[in-house]
Amino acid sequence: MSHFAIIAVSILFDGLAYAMFLFITSVGLSVTMGLMGFVNLAHGAFAMAGGYVVVSLTRSYGIDFVPSLLIAGVVIGLISIRFERRLYRQLYKATDLEQVLLTIGLAFMAIAAFTYFYGPIPKSVPLPDWLQGDVNLGFRSFPSYRAFLIAVGAVLIAVLWYAFEKTNVGAKIRAAVDNRRMAESVGINVDLLFTLTFALGSALAAMGGGLAIQLFGLTPSFAVLYLVLFLIVVAVGGMGSLKGTLLAALAIGIIDTAGKYAFPVAGNLFIYAITAIVLLIKPTGFFGRE
Amino acid sequence: MKILRWAGLAALALSLGGVAQAETIKIGVVLPFSGANADLGHQIDKAFDLYVKLHAKDILPNKVEIIKRDEGPPTGAQAKTVTTELITNDKVQILTGFVFSPSAIALAPVVTQAKVPMVIANAGTAWITNLSPYYARLSFSMWHTGFPMGSYAFKDIGCKTAAVAYTDFPPGKDSVEAFRTGFEKAGGKVTLSIPMGSPVQVPDFTPFFQRIKDAKPDCMYVFIPSGAHATGVMKAYGELGLRKAGVKLIGPMDLVPDNKLQDMGDAAIGTIVMSHYAVDLENAANKAFNKEWHQAYGKESYPDFMSAQGWDTMHAIFDTIKKLNGNVSDGSKVIAALKGWSADGPRGHVVIDPDTRDVVQDEHAMEIYRKADGKLGEKVVGTIPQVKDECKVLKIGRCGS
């Protein structure tokens, strides 16, 4: 294989892994924004909390990394239901500003609380042996963890796609995103649906947070540091669209990785350039509705 | 009315002046307590608190009152706001802390105008001390570590070519420039230079390091702020198998801060850094410092180079208060008293160079290895005694002005 092709494959691989992280963490945000028009800036806080659940489970209880990820998803998903019922529900009809103030406040409170209990020093997780080393594909070797990230992403995409496109609940969610009042008037319980998707989105975010530890290390400020990135993915993909979020995550993940590799001097230019161009041409994002 | 008030103030001043009286000296501490680099603030703050707790009796009958503020992100804006408030509202007499170079750079005009001395406990961009006559620095300049690392990498580690990668803000550029100058003077060649994004957010380091791996240099010199970035660098370096590919990881001590070292795992073994401090550094003051630290903060908490700087910084401030009998209202007198200050701290012998108000200290090349007890440790493999900031010695760029 030519030198150029090898580099292209390696960029694609790294970019894909990065894109999977972006997708897993952002998809919940996209669906809640699409479904309820609710601006949940505390989404990153659920991801961060999930990361810390993984840290505690693996380090204090000796549970393996992969089961810890699943447990973190379930735990945070359940906790998020509580938040949704108690707090978020009150503000569904409120203005964007009020929603933003509530949720960013929650994010800051989460940061302070986790700093209190876990301290500000970045945490890492012990990985099983099979996730450490690298996979050798002959012409180049790739870190196993990134391959794992891509695999997890692929599985989740398949499951979500199936749930959204082929199941009754999925059809109801799509109907509610399209036209909430019509969906309600034909007897779909949109409230319950929203609680469900909110919990699912938070659970995915929690797993994303757990998966991100190996990429960035985990500090409490994870809750807001990467939030802009998640919001960009949602905006570029179009709110409420699974396909859009996936496409946006892939575009941003791969183009950003390629940019960093080939033109590191450009910094974050690539991410912002994609965002600006897409939104100029299509203000609602790839698959957003007018 | 106005005249009356002035007269009253003058009378008050007269009645207070000349009488030896116990003063409460207000010290403003500005450190990052939030954001990706919050732990850096805590590392220094813990050292400050520890010093004040153990040595408050040394300055009796005077007392200090510490007022802490959040330095915020490494952009300097919030630091400027809170420090200005400390000066104008809280009337602090001495400022200290300051982890990030942008903070110190932004504050120079404020401090100069207010004539409040500022003892920098970290911010390491070389030319910072030239910005205000009220600055003194007890931490380091990027050139303390970068410049000697350049010649050490070529002569002792045996690197003929090197890639440099840095977080894209003033100290990053400075550190890399220092390394390049030292490395090329010794005969090496820097083949690749990669800026790695802003200090605010830890990036995915993989594409940067992949690029370095493909360029196949003998060494990679990496500067990142020693907070969450350090952990990220080590993960990416380990994951990509760079050591196996023959690319040695070198840099300033920010790569392997003591408080994060144990978490870094095998990827860190073999990393060589130029540093003025490590927990394992052998001297009496460091032994005592570590003992006090563990007693105060527990066995699992480690001081790091920033903590050592914090300790020496507070030491210098206390010595100055003692020397001036608590009369620190004149900023220029405080700076004059700080010039030439020296002591044996956790880092070994440190001096404030009276000409530059910058620190002079030993630098050690340290290699990360697995200790007999299974923990990671730093082994001193070379020492360069009493290093001055080479940037100001050579008068390079803004260091010359």
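Placed above this text is the structure.
Residues numbered from 1 in each chain as written. Chains lettered and ligands numbered in written order. Predicted model: local features only at pLDDT ≥ 70, side-chain atom pairs only at ≥ 80, totals over all residues.

Caption draft 1: Here's a closer look at the overall build of chain A. Summing up its helical and strand segments, chain A has 12 helices and 2 strands in all. Each helix and strand of chain A, placed in order from N terminus to C terminus, yields the pattern α-α-α-α-β-β-α-α-α-α-α-α-α-α. Whereas a compact globule of 290 residues would reach a radius of gyration of roughly 19 Å, chain A reaches 19 Å, a difference of no more than 12%. Across its three principal directions, the C-alpha atoms of chain A cover 60 × 45 × 35 Å. A sequence separation of at least 24 residues applies to 76% of the contacts in chain A between residues at least 6 apart. (Helix = DSSP H or I, 4+ residues; strand = E, 2+ residues; numbered from the N terminus. Rg over C-alpha atoms; globule rule 2.2 N^0.38 Å. Contact = placed C-beta atoms within 7 Å.)

Caption draft 2: Here's a closer look at the overall build of chain B. Each helix and strand counted, chain B has 13 helices and 14 strands in total. For 401 residues, the compact-globule estimate of 2.2 N^0.38 gives 21 Å, and chain B sits close to it at 22 Å. Each principal axis of the C-alpha atoms in chain B carries an extent, and together these give about 80 × 45 × 35 Å. Across the 401 residues that make up chain B, the buried fraction comes to 58%. Summarising the internal contacts of chain B: among those between residues at least 6 apart in sequence, 72% fall at separations of at least 24. (Buried ≥ 20, exposed ≤ 12 C-beta atoms within 10 Å, placed from the backbone.)

Caption draft 3: Quick look at the nonpolar core. Residues and elements named next belong to chain B. By size, the foremost hydrophobic cluster in this structure holds 117 residues, and its most contacted members are I120, A165, M220 and Y221. Split by domain, this core shows at least three residues from each of two domains, domain 1 (23-140 + 283-357) and domain 2 (143-275 + 362-400). With near-sequence residues (within four places) excluded, A165 lies in contact with I194, M196, F208, I212, M220 and V222. (Core = buried A, V, L, I, M, F, W, Y, C linked by C-beta atoms within 7 Å. Domains from an automatic or database assignment.)

Caption draft 4: Representation of the packing of helix α11 (residues 242-262) of chain A against helix α7 (residues 206-215) of chain B in the model. Interaxial distance between α11 of chain A and α7 of chain B falls to 8 Å at its minimum, and their mutual angle equals 40 degrees. Our classification of the angle between α11 of chain A and α7 of chain B gives oblique. As for the relative orientation of α11 of chain A and α7 of chain B, their crossing is right-handed in sense. Residues T257, K260 and Y261 of chain A of α11 of chain A pack against P207, F208, Q210 and R211 of chain B of α7 of chain B. (Axes fitted to C-alpha atoms, helices over the stretch in contact; angles between N-to-C directions. Parallel < 35°, antiparallel > 145°, perpendicular 65-115°, else oblique. Left-handed = near helix turned anticlockwise from the far one by under 90°.)

Caption draft 5: Seen up close, the interface of chain B and chain A. Contacts between the two partners involve 30 residues from chain B and, on the opposite side, 28 residues from chain A. Top contributing element to the side of chain B that touches chain A by residue count: α7 of chain B, with 6 residues. Looking at the side of chain B that touches chain A residue by residue, the classes come out as 10 nonpolar, 11 polar and 9 charged. (Nonpolar A, V, L, I, M, F, W, Y, C, P; charged D, E, K, R; others polar.)

Caption draft 6: Looking closely at helix α4 (residues 101-114) of chain B. Residue and element names in this part refer to chain B. For α4, built from 14 residues, the straight-helix expectation of 20 Å at 1.5 Å per residue is met to within 8% by its first-to-last C-alpha distance of 20 Å. At L107, α4 is bent by approximately 45 degrees, the largest bend along its length, and proline P109 sits one to four residues beyond. Looking at α4, one finds that the buried residues are S101, P102, S103, A104, L107 and V111. Lining the buried residues of α4 we find α3 (77-88), β3 (94-97), β4 (118-120), β5 (135-137) and α6 (170-186). (Expected span 1.5 Å × (residues − 1). Bend = angle between axes of the 7 residues up to and from the residue.)

Caption draft 7: Local environment of the sheet that holds strand β2 (residues 63-70) of chain B. Residues and elements named next belong to chain B. On the basis of which strands lie adjacent, the open sheet formed by 5 strands has the order β2-β1-β3-β4-β5 and parallel pairing. The open sheet has two free edges, formed respectively by β2 and β5, since each of these has just one partner strand. With direction set aside, neighbouring strand axes in the sheet form an average angle of 25 degrees. Pairing of strand β1 (residues 24-31) with β2 involves 8 bridges; the strand directions are parallel. What sits directly across from I27, in β2, is I66. Helix-sheet contacts for helix α2 (residues 38-55) involve β1, β2 and β3, and the interaxial angle to β1 is about 160 degrees. (Pairing = 2+ DSSP bridges.)

Caption draft 8: Just the pairing of strand β14 (residues 376-387) of chain B, in detail. Residue and element names in this part refer to chain B. Pairing analysis gives 9 bridges linking strand β13 (residues 359-370) to β14, with the strands arranged antiparallel. Within the sheet, the bridge partner assigned to E363 lies in β14 and is I384. Counted between consecutive antiparallel strands, the loop separating β13 from β14 contains 5 residues, among which G374 sits at a positive phi close to 90 degrees.

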